[in-house]
Amino acid sequence: MSKFENRFRKEGFSFIAGIDEAGRGPLAGPVVAAACILPFKVFFEHLNDSKKLTPERRDELYANITMHQEVCFGIGVIDVDTIDCINILQATFLAMRK
């Protein structure tokens, strides 16, 4: 991902958000999307693919990231009833916009 970030920084972008979703696979439950902007000079050791982290390391990183004053993040949650009305793809997009 650094390749993309570096390219966008060279193009003049200062704030680059990473975004991901969870909940598209299960048959029941909400879809959740989260976006995060990490300051360019801030580094969190072990921050990589969340699926490769232990639950303890993931909890530690979550606390460090969400409590850091220079980090911006947002979380969008779309409930099952809305998913049933607008479909999972549109619900995912809505969660990302939130």
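Structure: see above.
Residues numbered from 1 in each chain as written. Predicted model: local features only at pLDDT ≥ 70, side-chain atom pairs only at ≥ 80, totals over all residues. Heavy atoms only, no water.

**Side note on the overall build of the protein**
Which entries qualify depends on this criterion: A run of H or I in DSSP counts as a helix once it spans at least four residues, and a run of E counts as a strand once it spans at least two, with each numbered from the N terminus. For the exposure calls, accessible area comes from a 1.4 Å probe over protein chains only, and a residue counts as buried if that area is under 20% of its type's maximum, exposed if over 50%, partly exposed in between.
In terms of helices and strands, the protein carries four helices and three strands. Secondary structure elements in the protein, listed N-terminal to C-terminal, are α-β-β-α-β-α-α. C-alpha extents for the protein along the principal axes are approximately 40 × 35 × 25 Å. Across the 98 residues of the protein, 16% fall into the buried class.

**Focus on the sheet that holds strand β3 (residues 72-78)**
Under the convention used in this document: One requirement defines pairing of two strands: DSSP has to find at least two bridges between them. For helices, the fitted axis covers only the stretch in contact; all axes are lines through C-alpha atoms, and the angles between them, taken along N-to-C directions, range from 0 to 180 degrees. Residue contacts are counted whenever heavy atoms from the two residues lie within 4.5 Å of one another.
An order of β1-β2-β3 is seen for the three strands of this open sheet, with the pairing classed as antiparallel. Lying at the two open borders of the sheet, with one neighbouring strand each, are β1 (17-22) and β3. Across this sheet, the average inter-strand angle for adjacent strands is 15°, counted without regard to direction. In this structure, β1 lies alongside strand β2 (residues 31-37), joined through six bridges in antiparallel fashion. Within the sheet, the bridge partner assigned to D20 lies in β2 and is A34. This element, helix α4 (residues 88-97), spans β1, β2 and β3 of the sheet and lies at about 35° to β2.

**A look at the packing of aromatic side chains**
Under the convention used in this document: Whether two aromatic rings pair depends on their centres lying within 6.5 Å, for rings of Phe, Tyr and Trp, where Trp uses its six-membered ring; planes under 30 degrees apart make the pair stacked, over 60 edge-to-face, and the rest tilted. A ring is scored as having a charge over it whenever the NZ atom of a lysine or the CZ atom of an arginine sits within 6 Å of its centre and within 35 degrees of its normal.
Using the criterion set out here, one finds one aromatic pair in the structure. Between R7 and the ring centre of F8, over which it is positioned, the NZ or CZ distance is 4.6 Å.

**Quick notes on the state of the cysteines**
We apply this condition: Pairs of cysteine sulfur atoms within 2.5 Å are what we label disulfides.
Inspection of every chain in the model, using the stated rule, returns zero disulfides. The thiol of C72 is not disulfide-bonded; the next cysteine sulfur, from C36, is found 8.1 Å away.

**Here we look at a nonpolar patch on the surface**
Note the cut-off: Note that patches include only residues with greater than 30% relative accessible area and no salt bridge, and the join distances are 9 Å for like charges and 5 Å for nonpolar side chains (Val, Leu, Ile, Met, Phe, Trp, Tyr). Computed with the Shrake-Rupley method and a 1.4 Å probe, the accessible areas treat only the protein chains shown as cover for residues. We define a salt bridge as a side-chain nitrogen of Lys or Arg found within 4 Å of a carboxyl oxygen belonging to Asp or Glu.
Among the surface-exposed residues, I19, L89, F93 and M96 lie close enough to one another that they form a single nonpolar patch of about 310 Å² accessible area. If you tally residues by element for the nonpolar patch, the top one is α4, at three residues. As for its position among the elements, M96 is in helix α4.

**What about α4?**
This is how the line gets drawn: Arc definition: directions from the helix axis to the C-beta atoms. The term polar contact refers here to a pair of N or O atoms within 3.5 Å; inside protein, the definition further demands a hydrogen-donor-capable atom paired with an acceptor-capable atom, and it admits residues adjacent in sequence only when both atoms are side-chain atoms.
Taken as a whole, α4 has its buried residues at A91, T92 and A95. Around the axis of α4, the buried residues are gathered within 105° of arc, so they sit on the same side. Its side-chain oxygen 3.0 Å from the backbone nitrogen of L89, N87 forms the N-cap of α4.

**Remarks on the pattern of salt bridges**
Pairing is possible between side chains of opposite charge, provided their charged atoms come close. Scanning all chains against the criterion turns up three salt bridges. Among the salt bridges present, the one from R9 reaches E5, with a minimum N-O distance of 3.7 Å. Separated by four residues within a single helix, R9 and E5 lie in helix α1 (residues 2-10), roughly one turn from each other. According to the relative accessible area criterion, R9 is partly exposed, its value standing at 22%. Residue E5 is classed as partly exposed on the basis of its relative accessible area of 32%. Where R7 meets E11, a salt bridge forms, and the shortest distance between an N and an O atom there is 3.5 Å. Among the residues examined, R7 registers a relative accessible area of 43% and is labelled partly exposed.

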